[in-house]
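Commentary on secondary and tertiary structure
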Amino acid sequence: MVGLGPRKPPSRKGSMADVPKDLMQEIKRLEELFTVDKAKLKQITDHFINELAKGLSVEGGSIPMNPTWCMSFPTGDEQGTFLALDMGGTNLRVCEIILTDQKSEFDIIQSKYRMPEELKTGDADELWEYIADCLQQFIESHHADTKLEKLHLGFTFSYPATQDYIDHGVLQRWTKGFDIDGVEGHNVVPMFEAAIAKRGVPIKLTALINDTTGTLIASAYTDTKMKIGCIFGTGCNAAYMENCGSIPKLAHMNLPPDTPMAINCEWGAFDNEHKVLPRTPYDIIVDKDSPRPGQQAFEKMIAGLYLGEIFRLVLVDLHDNKDVHIFEGQNIDKLRKAYTLDSSFLSLVEEDPFENLSETGDLFQNKLGITATHPELELIRRLAELIGTRAARLSACGVAAIAKKKNYKTCHVGADGSVFNKYPHFKQRGAVALREILDWPAKKNPKEEDPIEILAAEDGSGVGAALIAALTLKRVKEGNMAGILHPENFRG
Ligand code: BGC
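Every chain begins its residue count from 1, and numbering advances along the sequence as written. Per-residue local features of the predicted model are confined to residues with pLDDT of at least 70, and side-chain atom pairs are confined, for both listing and counting, to 80 or more; whole-chain, interface and lining totals are unaffected and use all residues. As a rule here, side-chain values come from all non-hydrogen atoms in the structure, and water together with hydrogens is ignored.

**Notes on a negative patch on the surface**
Quick note on the threshold: Like-charged residues within 9 Å of one another, or nonpolar side chains (Val, Leu, Ile, Met, Phe, Trp, Tyr) within 5 Å, are grouped into patches, provided each residue has over 30% relative accessible area and no salt bridge. Reported accessibility uses the Shrake-Rupley method at a 1.4 Å probe radius. Residues are deemed covered only where the shown protein chains occlude them. A carboxyl oxygen of Asp or Glu within 4 Å of a side-chain nitrogen of Lys or Arg is what we treat as a salt bridge. This count recognises Lys and Arg as positive and Asp and Glu as negative, with His and chain-terminal groups excluded. Charge placement uses NZ in Lys and CZ in Arg. For Asp and Glu, CG and CD serve respectively. Secondary structure elements follow DSSP: runs of H or I no shorter than four residues count as helices, runs of E no shorter than two count as strands, and numbering proceeds from the N terminus. Each residue is placed in one exposure class: buried if its accessible area under a 1.4 Å probe, protein chains only, is under 20% of its type's maximum, exposed if it is over 50%, and partly exposed if it falls in between.
Taken together, Glu118, Asp123, Asp125, Glu126 and Asp181 make up a surface patch of like negative charges. With respect to the element layout, Asp123 can be found in the loop between strand S4 (106-114) and helix H3 (124-142). A residue is classified by how much of its surface remains accessible, and Asp123, at 38% relative accessible area, is partly exposed.

**A few points about helix H6 (residues 281-288)**
Defined as follows: Each direction from the helix axis to a C-beta atom contributes to the arc, which is the arc of those directions. Any two residues whose heavy atoms approach within 4.5 Å at even a single point are treated as in contact.
Tyr282, Asp283, Val286 and Asp287 are the residues of H6 that are buried. Looking down the long axis of H6, one finds its buried residues gathered within 140 degrees of arc, a one-sided arrangement. In this structure, the buried residues of H6 make contact with helix H1 (21-34), helix H7 (299-302), helix H8 (304-320) and helix H12 (374-405).

**A few points about the site of the ligand**
This is how it is decided: The criterion for a residue being near a molecule or strand is simple. One of its heavy atoms has to lie within 4 Å of it. Counting of polar contacts relies on pairs of N or O atoms within 3.5 Å, with two restrictions inside protein: one atom must be capable of donating a hydrogen and the other of accepting it, and residues adjacent in sequence are counted only when both atoms are side-chain atoms. Lys, Arg, Asp and Glu make up the charged group, whereas Ala, Val, Leu, Ile, Met, Phe, Trp, Tyr, Cys and Pro make up the nonpolar group; the residues left over, Gly among them, are polar.
Among the 15 residues in the neighbourhood of the ligand, the closest are listed as Thr175, Asn210, Asp211, Glu266 and Glu299. A distance of 2.7 Å separates an oxygen atom of the ligand from a polar side-chain atom of Thr175. Against a free-state accessible area of 310 Å², the protein chains account for coverage of 98% of the ligand. Breaking the shell around the ligand down by element, the ones donating at least two residues are helix H5 (211-222) and strand S10 (236-243). Per-class residue counts for the shell around the ligand are four nonpolar, seven polar and four charged.

**Some remarks on the sheet that holds S4**
Selection criterion: Here a strand pair is declared whenever DSSP counts at least two bridges between the two strands. Lines fitted to C-alpha atoms define the axes here, with helix axes fitted over just the stretch in contact, and angles between the N-to-C directions of these axes take values from 0 to 180 degrees.
The five strands lie next to each other as S4-S3-S2-S5-S8, forming an open sheet whose pairing is mixed. Edge positions in the sheet fall to S4 and strand S8 (203-209), since each of these pairs with one other strand and no more. When the angles between neighbouring strand axes are averaged without regard to direction, this sheet yields 20 degrees. Direction of pairing for strand S2 (residues 80-87) relative to strand S5 (residues 151-157): parallel, over a ladder of five bridges.

**Focus on the state of the cysteines**
The criterion, for reference: The criterion for a disulfide is a pair of cysteine sulfur atoms lying within 2.5 Å.
Across all of its chains, the model carries zero disulfides by this definition. Cys95 takes part in no disulfide bond, and the closest cysteine sulfur, belonging to Cys134, lies 12 Å away. On the accessibility criterion, Cys95 (0% relative accessible area) is buried. You can see Cys236 has no disulfide; the closest cysteine sulfur is in Cys230, sitting 8.4 Å from it. By relative accessible area, Cys236 is classed as buried at 4%.

**Here we look at the pairing of S8**
The element S8 is largely enclosed, with a buried count of six among its seven residues. In terms of strand pairing, S5 meets S8 through six bridges, oriented parallel. By the bridge assignment, Leu153 is partnered in S8 with Leu205.

**Digging into the sheet that holds strand S1 (residues 66-67)**
Strands sit in the order S1-S11-S10-S9-S12-S13 across an open sheet of six strands; the sheet is mixed. This sheet does not close on itself; its edge strands, each paired only once, are S1 and strand S13 (452-456). As paired strands, strand S9 (residues 226-232) and strand S12 (residues 411-416) are joined by five bridges and run parallel to one another. Bridge pairing links Cys230 to Ala415 in S12. Across the sheet, H5 is in contact with S9, S10, strand S11 (260-264) and S12; its angle to S9 comes to roughly 135 degrees.

**A word on helix H4 (residues 188-199)**
We apply this condition: The length a helix should cover is 1.5 Å for every residue beyond the first.
The end-to-end C-alpha distance of H4, which contains 12 residues, comes to 18 Å, matching closely the 16 Å that a straight helix rising 1.5 Å per residue would cover. Where H4 is concerned, the buried positions are Val188, Val189, Phe192, Ala195, Ile196 and Arg199. Considered in projection along H4, the buried side chains sweep an arc of 135 degrees and stay on one side of the axis. Turned more than 90 degrees away from the buried face of H4 sit Ala197 and Lys198, all of them exposed. Those residues of H4 that are buried are in contact with S2, H3, S5, strand S7 (170-171) and S8. One or two residues past the end of H4 sits Gly200, with phi positive at roughly 65 degrees.

**Observations regarding unusual backbone geometry**
Unusually for a residue other than glycine, Asn254 sits at a positive phi of about 55 degrees. With respect to the helices and strands, Asn254 occurs in the loop between S10 and S11. One non-glycine residue with positive phi stands out, namely Leu357, at about 55 degrees. Checked against the element boundaries, Leu357 lands in the loop between helix H10 (343-351) and helix H11 (358-368).

**Section: the packing of helix H2 (residues 38-56) against H12**
Definition in use: Oblique is the label for any angle not covered by the other classes, which are roughly parallel (under 35 degrees), roughly antiparallel (over 145) and roughly perpendicular (65 to 115). Handedness of a crossing follows from how the near helix is turned relative to the far one, being left-handed for an anticlockwise turn of less than a right angle and right-handed for a clockwise one.
Direction vectors running N to C along H2 and H12 enclose 50 degrees, while the axes themselves pass 8 Å from each other. The orientation of H2 relative to H12 falls into the category oblique. Between H2 and H12 the crossing geometry is right-handed. Note on element contacts: H12 touches H2 through Arg393, Leu394, Cys397, Gly398, Ala400, Ala401, Ile402, Lys404 and Lys405, opposite Lys38, Leu41, Ile44, Thr45, Asp46, Phe48, Ile49, Leu52, Ala53 and Leu56.

**Describing the nonpolar core**
Spelled out, the test is: Joining through side-chain atoms within 4.5 Å is the link that ties buried Ala, Val, Leu, Ile, Met, Phe, Trp, Tyr and Cys residues into a set, and such a set is a nonpolar core.
Ranked by internal contacts, the top residues of the largest apolar core, which has 122 residues, are Trp267, Phe311, Leu315 and Phe327. If one sorts the elements of this core by residue count, H12 sits on top with 17 residues. Look past the residues within four positions of Phe327 in its chain and what remains in contact with it is Leu315, His319, Ile332, Leu335, Phe364, Ile370, Ala372, Glu376 and Ile380. Ranked by size, the runner-up nonpolar core spans 36 residues in total, among them Val94, Cys134, Phe155 and Leu171.

Right under this line is the structure:
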């Protein structure tokens, strides 16, 4: 994707000429804290490769490496009508997907529902009732006149879940700021099914999937070079196809060693034991004040939910504690509110095209009631660049680790999520880091593809969920019952 799309405006040169010495020193300190150089990227990647293997072992490690029971890539010839439900971090989406008889083609209708903020820390029943209401509404508005027999549903549940079967998933822990009692440690499928049954909606859950697995499969439907699916959004994670023979923790299943199995890595948990990631004091506060301290160490340095918070913590520190006292004499109460800035705020700062950073100045004025001086604006811009660049470079370590583990010299990686799609320069910064980690020679011409390209994915939680449901129905029909808990739901 790098280099495609509308031509970018010429980039801002910026000048630090009027930045006083003490502020310059702070900028330098921040540069040291947030810069991850090539040697560190390589060290992180090497550790990452070991941790991927550890997650697949019987003893396990901090990366869960969850087998998903999605056991093949699509061919492009899958067909049928499916429902898909996506419970991501921000919205709830219901889709009906028709995989048509044209190779790799699909039609989709969808409705989006905002996830009320209070649901995320509320009560489990309210969550399942809300989800079932949205599904019922969708069916009633799209199938008011038809008597439905049974609809097969792919449920994208984008949290770490242990799956002994594809129609089963025990939530390991909430991530992305969710904190709903009574779900962790339980199989979410019966809870979901009970809420649906109450409403008499003719839906059968065929596959519980992760957004990354959906992204992998949806992307591979239209591009056979796709080998890894990634999400860089509110949370971050990846999935890829492993061979069962390389998954010691599945040895008891006696599956043929060359059988494919999609693995939901849950790489957000990489380095929870803090061995290699260059955490700053600000990352430590983000973790400590989160609902699940000690979890998702990698995700907390990369994902959209946290980028604005890291930025905010630095600015408050520079106001309160450092000699520079930025925003001196001003009321920074609005800036003191945790999670008041999301990653789209950072995007806007990085997108400000003006030499005097007037758009950034307006943002601070309008959103936070803070008047920033020009030198302070220069610091703000540099800080946003540092945080955004670090996120992109660390992300590349995960991609490189999977590629190295699988010995993929060339492939495509399908990526989705708000940070990947909207954060300025994220793709290009990630591509630069991949090149450094994998020691690719310089390109002969700028149009040449990189050996491993991270590209915008197809819709994983819609089309991907439908495809995984279709692939599962197909294999059950063929008699492959591995990882199927309720075969009766797959008939008819
Ligand atoms: C979740 C993953 C998910 C990722 C992206 C993480 O917080 O644990 O399951 O794939 O966010 O949505």
